[in-house]
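# Analysis of the macromolecular model
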Amino acid sequence: MVNVDSVTSAGQAVADFWQTLLASISQGVCVFDADGCVGQFNPCLPELLDVPPEFLASGPSLREIYDFQMQRGDFAGAPHPLDQPTQQASSDADPALVSEHCLRLRHLGRTLQVQTRRLPGAGLVQTVMDVSDYVQAEAGRKRANQLLFATQALAELGGWEVDLQHNQVTWTDGVYRIFETTPQAFTPSLATVRPLFTEESLAIYEASFQPSGQPTSTHEFEIEMLTLKGRRIWLHSRGTTTWENDRPVKRTAIVQDITRRKQTEMALRDSEARWKLALESVGDGVWDLQVQSGEQYLSPNLLRMYGYDDGELQSSVAELDALVHPEDLGRLQLDRQAHLDGITLTYSNEHRVLCKDGNWKWVHSRGMVISRDAQGRALRMLGTHADITERKTADALVWQQAHFDALTGLPNRRLMRERLIQEIKKCRRSGHKLALLFIDLDHFKEVNDTLGHDRGDELLVEAAQRIQRCLRETDTVARMGGDEFTVIITGMADEANLQSILPKLLNTLSASFQLGLDQVFVSASMGVTVYPTDTLEVDDLLKNADQALYVAKAAGRNRFSFFTPALQEAAMQRAQLTHDLRAALPAQEFRVVYQPIVTLATGKIHKAEALIRWQHPKRGLISPAEFIPVAESSGLIVELGEWIFAQAAAQVKNWRAELHPEFQVSVNKSPLQFENPNPNHIPWIDQLRVLGLPGESVVVEITEGLLLSTSNGVVEQLLKLRDEGINVSLDDFGTGYSSLSYLQKFDIDFIKIDQSFVRHLKAGTTDLVLCQAIIAMAHALGMKVIAEGVETAEQRDLLKAAGCDYAQGYFYSRPVNPAEFEAMVQRSEQALDSVKT
Ligand code: C2E
Ligand code: CA
Ligand code: CA
């Protein structure tokens, strides 16, 4: 202390003490004299006030100090401290206290606490303390409180403590706000809080007091409660409970108002429920998969689709996958994973599901991931199952119809080709061989036409079964249409495997077929080709088998024929022949020859058969047996047939004039020539009229096959011919199936017994018996009989004895040109005359 001089020595020690104390404290002390001017002050004071010590030492008044400070910018713009009424107000409690607690803001931002007291007598003592740190901390705390308050409000959060021992409940502001009340309006206690619980929430709350054996336990739940305004709210509570002797004593918890979240959740669940309901009402089943856990909700419709009741299937994706058809599961899982991995936009898969009753149902499953986590992992996937069994069965039916023959159930041409391609691939890998067989039933058409289509169908079904029985499961039998079948024999080490199969097939097909009451016989012709021996190409295999079949048929049927390069050669020759045939008519390479038909009783020749000959420029004379089939298959036969008829008609006109007035010429007419667009107009009749010839001058030779195809107006054409007086002769009788009584209705005039019966005709043979029977029956039915291929006098005599009307054959003459024919007739007339005379 400075300027303290009136002291005693004892007092000196005390004064020293104070002096030292005042000099060392961090507070400023100032004594004002009775005039209100600064008397004494300690060193800290000018420092704290930040005024020069000299200024203080000059003894300024309090006002002068304040003025100095204000000028400098202290008090942060507040009014002059001595003009503030509050400065004096607080002095009422203690009259000595001028200002008990007064904060002065210094110009450098520090805060000073100033206390001013009256000294006994006169004067004042003022203490000044720097409280900046305290004030700052206090402000921070206040800000933190405000922040806490604000955030609690924002988070709709509060703290809540229950002292169960003392029946005390403490709420923070946040809790009051959540319950829409204030500390003034409501005092929380166990009793007052209780009505805020609903029945369910109280049960949950009470159940949360579960002794755990530990001194503290934790809880967490969501409950619905009421505010003091009676509004329903949802709270999430999480906290700890303190236990003593297994009794809860205290619970501290935070509560959060989650009403809004709950509402959106419920709204979502609501819209989801509506959506599911909508899907369900369409008839689809709904599934809802928690991808990470594999948990899967299956809607009632979905369960019903498979015949299950609610809850009968476990709610896991694995459980439903286990019911998926093993053939479909792999694809399903791939499709699902592709979508989960985000490769596909939606999931879609068709598969079969095993129903409770053991049947399979086809479903179309569709779905979509509806939520993913931040890493993009699928969390939840929703979808439907639609029953597509009907469509699938329809599809299967369409496929079946496209690939299988409805009658026999065998693969059709199309599927056979597909299989052949597959089998060829297999052979390429395994080094095995395969055989392709074309099977054609001989005489099927006759059976079909005589016994009817139903019987024909029966025969085909039976034939299909017989073929299958000769083969292994792995071989393919297909029906190509009509009476044609195909067989693919697979896995052959070499062609030797066929040695047993082929005769077996021939035998089984030539065995009798029982069709209703009728027993019928057909046989089969087969063409065989082998991969890779004959060719490597599918189409060539098919062509080869067809050529081999052609050969088997041509060789007399009921046999098999292997494809050989020679066959290919023959096929090429046929193609060449067709080509040459087209040019032959304009090039005048054809001529007609005539073979006499002799009246057996008299030996006279009043009839002849016209037969075609082809003088090929390179190959010489070609037999009609070779080129007529080619002409038929190329359609040329029609044009050719008309030409032959014109020749024959002109010839018969001539011979009627020169040889015999009732001379008749037989002309062969191919079935193709009966495919007439207008059955009522037959060109032959016109030609005869032009020539002025009666119908009786010609005979039309037809085969049985023609009579069996009753569809194309054949009957009308035959009747038309008969009306014109033209006779009809049935060629090659005995090689087909028609019975004589069957022929009756066609008005046949002549039966020509086939050469094959005549060739071996001897006394005591069955052929003779057959010929006798045919002759007798034909006569009984009003038909005349011509024997073909008579080569010996013995044959002639036997036929004559049997009552046969006419004979034709080399015994009399080969087919010859008209000049030779005339010469021959004249010779025979002379011979007959000489016999007579
Ligand atoms: P087809 O109608 O049965 O004619 C009889 C065939 O038997 C003729 O053969 C004839 O030469 C032959 N032949 C006659 N007598 C004997 C004999 O004693 N012994 C033997 N082994 N054969 C005999 P061709 O002329 O070679 O005719 C063969 C077939 O060609 C005919 O059989 C017929 O189906 C057909 N054809 C011939 N010319 C014509 C024609 O102008 N038009 C039609 N559409 N087919 C014809
Ligand atoms: Ca003939
Ligand atoms: Ca004949």
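Residues numbered from 1 in each chain as written. Chains lettered and ligands numbered in written order. Predicted model: local features only at pLDDT ≥ 70, side-chain atom pairs only at ≥ 80, totals over all residues. Heavy atoms only, no water.

## Examining unusual backbone geometry
For residues that are not glycine, phi is negative in most cases, and the peptide bond is trans in most cases. The omega torsion across Tyr531 and Pro532 is 0°, close enough to zero to call that bond cis. Topologically, Pro532 is positioned in the loop between strand E21 (523-531) and helix H19 (538-554). With a phi angle near 50°, Asn245 is a residue other than glycine that sits in the positive phi range. Here Asn245 shows up in the loop between strand E9 (232-244) and strand E10 (247-257). One non-glycine residue, His443, lies in positive phi territory at about 65°. Following the sequence through the fold, His443 ends up in the loop between strand E16 (433-442) and helix H16 (444-451). (Helix = DSSP H or I, 4+ residues; strand = E, 2+ residues; numbered from the N terminus.)

## Details of the sheet that holds E16
With respect to topology, five strands assemble into an open sheet ordered E17-E18-E16-E21-E22, the strand pairing being mixed. In this open sheet, the two strands that pair with only one neighbour each are strand E17 (476-481) and strand E22 (559-562). On average, adjacent strands in this sheet sit at an angle of 20° to one another, irrespective of strand direction. Across seven bridges, the pairing between E16 and strand E18 (residues 484-492) is antiparallel. Directly across from Lys433, in E18, lies its bridge partner Met492. Lying on the sheet, helix H15 (residues 413-430) is in contact with E16, E17, E18 and E21; it crosses E16 at an angle near 155°. Of the strands in this sheet, E16, E17 and E18 are in contact with helix H17 (residues 453-469), which crosses E18 at around 10°. (Pairing = 2+ DSSP bridges. Axes fitted to C-alpha atoms, helices over the stretch in contact; angles between N-to-C directions. Contact = heavy atoms within 4.5 Å.)

## Here's the deal with the pattern of salt bridges
Scanning the entire structure with this criterion turns up 37 salt bridges. The partner of Arg352 in a salt bridge is Asp328, and the shortest N-O contact between them spans 2.8 Å. Here the residue Arg352 occupies a position in strand E13 (residues 347-354), and Asp328 occupies one in helix H13 (residues 326-340), the gap between them amounting to 24 residues. Take Arg352 and Asp328: they sit in the same class, and that class is buried. One salt bridge connects Lys752 with Glu609, and the closest N-O pair in it is separated by 2.8 Å. A residue pair is termed long-range when its members are at least 10 positions apart, and Lys752 in strand E29 (residues 750-753) and Glu609 in strand E24 (residues 605-616) qualify at 143 residues. (Salt bridge = Lys/Arg side-chain N within 4 Å of Asp/Glu carboxyl O. Buried < 20%, exposed > 50% of the residue type's maximum accessible area, 1.4 Å probe, protein only.)

## A short note on the sheet that holds strand E14 (residues 360-372)
One open sheet accounts for five strands, arranged E12-E11-E15-E14-E13; its pairing is antiparallel. Edge positions in the sheet fall to strand E12 (295-298) and E13, since each has one partner strand and no second. Strand-to-strand twist in this sheet, taken as the mean axis angle between neighbours without regard to direction, amounts to 25°. Two elements, E14 and strand E15 (residues 378-387), share nine bridges in a ladder whose sense is antiparallel. Within the sheet, the bridge partner assigned to Ser365 lies in E15 and is His385. Against the sheet, H13 engages E13, E14 and E15, with an angle of about 150° to E13. Packed on one face of the sheet, helix H14 (residues 389-403) meets E13, E14 and E15 and runs near 125° to E14.

## Regarding the site of ligand 1
With respect to spatial proximity, 20 residues lie near ligand 1, and among them Gln595, Asp731, Gln755, Glu791 and Tyr810 are the closest. Within the side chain of Asn668, one N or O atom sits 3.1 Å away from an oxygen atom of ligand 1. The separation between an oxygen atom of ligand 1 and a polar side-chain atom of Gln755 is 2.6 Å. Alone, ligand 1 offers 790 Å² of accessible surface; in the complex the protein occludes 82% of this. For the shell around ligand 1, the secondary structure elements donating two or more residues are E24, helix H21 (624-634) and strand E28 (727-733). In terms of residue count, the dominant contributor to the shell around ligand 1 is E24 (four residues). Grouping the constituent residues of the shell around ligand 1 by class yields eight nonpolar, six polar and six charged. (Near = heavy atom within 4 Å. Polar contact = N/O pair within 3.5 Å; in protein donor to acceptor, adjacent residues only side chain to side chain. Areas by Shrake-Rupley, 256 points an atom, 1.4 Å probe, with all protein chains shown as cover. Nonpolar A, V, L, I, M, F, W, Y, C, P; charged D, E, K, R; others polar.)

## Here's the deal with the domain arrangement of the protein chain
Here the protein chain is partitioned into domain 1 (25-84 + 92-130), domain 2 (138-257), domain 3 (262-394), domain 4 (404-563) and domain 5 (590-836). The C-alpha centroid of domain 4 is placed 91 Å from the C-alpha centroid of domain 2. (Domains from an automatic or database assignment.)

## A word on the coordination of the calcium ion (ligand 2)
The coordination sphere of the calcium ion (ligand 2) contains the protein donors Glu609 (OE), Asn668 (OD1), Glu701 (OE) and Asp731 (OD), at a distance range of 2.1 to 2.4 Å. Along the chain, the residues that donate to the calcium ion (ligand 2) are spaced as E-x58-N-x32-E-x29-D. Under the relative-accessibility criterion, Glu701 is labelled buried at 2%. Residue classification places Asp731 among the buried residues on the basis of a relative accessible area of 8%. (Donors = N, O, S within 2.8 Å, 3.2 Å for Na, K, Ca; no water.)

## With respect to the environment of Ala649
Among the structural elements, Ala649 can be located in helix H22 (residues 637-658). Sequence separation between Ala649 and Ser293 is 356 residues; the distance between their C-alpha atoms is 98 Å. Sequence-distant contacts of Ala649, that is, excluding residues within four places in its chain, are made with Leu688, Leu691 and Leu693.

## What to know about the coordination of the calcium ion (ligand 3)
Protein coordination at the calcium ion (ligand 3): the donors are Asp731 (OD), Asp732 (OD), Glu788 (OE) and Glu788 (OE), at 2.2 to 2.4 Å from the metal. Between consecutive donors of the calcium ion (ligand 3), the numbers of intervening residues give the motif D-D-x55-E. Between the calcium ion (ligand 3) and the calcium ion (ligand 2), the interatomic distance is 4.2 Å, and Asp731 donates to each metal, bridging them. Within this pair, whereas Asp731 is found in strand E28, its partner Glu788 is found in the loop between strand E30 (784-787) and helix H29 (793-801), the two being separated by 57 residues in sequence. When its relative accessible area of 6% is taken as the criterion, Glu788 is described as buried.

## Topic: the environment of Glu829
Here Glu829 shows up in helix H30 (residues 818-836). Between the alpha carbons of Glu829 and Asn412 there is a distance of 63 Å; along the sequence they are 417 residues apart.

## Structural notes on the layout of surface pockets
Empty space among the atoms becomes visible once a probe the size of a water molecule is rolled across them. Of the voids in this model, the second largest pocket is the one considered here, and its volume is about 310 Å³. Lining the second largest pocket are 16 residues, and of these Val598, Gly603, Arg796, Tyr812 and Leu832 lie nearest its centre. Broken down by secondary-structure element, the contributors of at least two residues to the lining of the second largest pocket are strand E23 (590-599), H29 and H30. The dominant element in the lining of the second largest pocket, judged by the number of residues it contributes, is H30, at four residues. Among the residues forming the lining of the second largest pocket, the class breakdown is nine nonpolar, four polar and three charged. (1 Å grid on protein atoms, 1.4 Å probe; cavity = no way out; pocket = protein on both sides within 12 Å on 5 of 7 lines; lining within 4 Å. Points joined across faces, edges and corners; volume = space filled by probe spheres on them.)

## With respect to the packing of aromatic side chains
In total, this model carries 24 aromatic pairs according to the counting rule given. Between the aromatic rings of Phe811 and Tyr812, the centroid separation amounts to 5.0 Å while the plane-to-plane angle is 75°, which identifies the pairing as edge-to-face. Through a chain of ring-to-ring contacts, three or more aromatic side chains come together here, namely Trp160, Trp171, Tyr176, Phe179 and Phe186. The ring centre of Trp234 lies 4.6 Å from the NZ or CZ of Lys262, which sits over that ring. Taking NZ or CZ as reference, Arg574 lies 3.7 Å from the ring centre of Tyr550, over its face. (Phe/Tyr/Trp six-rings, centres within 6.5 Å; stacked < 30°, edge-to-face > 60°. Lys NZ or Arg CZ within 6 Å of the ring centre and 35° of its normal.)

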